[in-house]
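Listed below are the residues making up each chain.
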Amino acid sequence: MKKIKSNIKNYKNMIGSGKADAMAFIRGGADNKNLFGTASFTQKLNGVLVTTEVFNLPADQQYGGAFHGYHIHTGSRCIGNEQDEFADTGGHYNPKNYPHPYHAGDMPPLLSNNGYAYSSFLTNRFDVADIIGRTVIIHADADDFTTQPSGNSGKKIACGEIVKI
Ligand SMILES: [Cu+2]
Ligand SMILES: [Zn+2]
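What you see is a predicted model, and the numbers here were worked out from it, not measured in a lab.

1. Section: the sheet that holds strand β6 (residues 117-123)
Moving on, step 1. One open sheet holds the eight strands; their spatial order is β5-β4-β7-β8-β1-β2-β3-β6, and the pairing between them is antiparallel. Two strands lie at the open edges of the sheet, namely β5 (106-111) and β6, each paired on one side alone. Averaged over all neighbouring strand pairs, the angle between strand axes comes to 20 degrees, with direction disregarded.
Moving on, step 2. Sheet analysis places strand β1 (residues 22-28) next to strand β8 (residues 156-164), joined by seven bridges and oriented antiparallel. Paired with Arg27 across the two strands is Cys159, which belongs to β8.

Printed below as a string of structure tokens:
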């Protein structure tokens, strides 16, 4: 009991505590107008805690929910062209010129639960300062963690611009 109490007293050292340093407001593209969510980025001593909550991912009629590729892309704005509405986000954030899935911006896929996804994980591949002014992208399909340069994860269905808070 004494040990539990001292752990509680030290809760400030726990990974889930503390205020986020940067955030992205995620919105769906033309095919997913009801999709919305947030990603928050909290700098920790051993990496960045990335916490994401997304609503209204596209329904998977057959199975109820799918994995969706999820990356930090290099570009700063959620805009594009007729073929790819988020084309300006560019490729995966990859300052060391590594292959996929070793890009700094490669993240665990989001798991859709009938359209709702929640994820929280730690990555030491970047600091918060490195990704401010970049973008998060959610893809239509799963990331196969093999195909170059982006894991064959399909269309960019949602995007958020990462801002300092
Ligand atoms: Cu991507
Ligand atoms: Zn990648």
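2. Overview of the pairing of strand β7 (residues 135-139)
Moving on, step 1. Counting buried positions over the five residues of β7 gives five, a clear majority of the element.
Moving on, step 2. Alternating residues of β7 divide into Thr135, Ile137 and His139 and Val136 and Ile138, and every residue in both groups is buried.
Moving on, step 3. Across five bridges, β7 lies against β8 in antiparallel orientation. Looking at the pairing, Ile138 lines up with Ala158 of β8.

Cut-offs used in this document
Residues numbered from 1 in each chain as written. Chains lettered and ligands numbered in written order. Predicted model: local features only at pLDDT ≥ 70, side-chain atom pairs only at ≥ 80, totals over all residues. Pairing = 2+ DSSP bridges. Helix = DSSP H or I, 4+ residues; strand = E, 2+ residues; numbered from the N terminus. Axes fitted to C-alpha atoms, helices over the stretch in contact; angles between N-to-C directions. Buried ≥ 20, exposed ≤ 12 C-beta atoms within 10 Å, placed from the backbone.

Read these as spatial facts, not as claims about activity.
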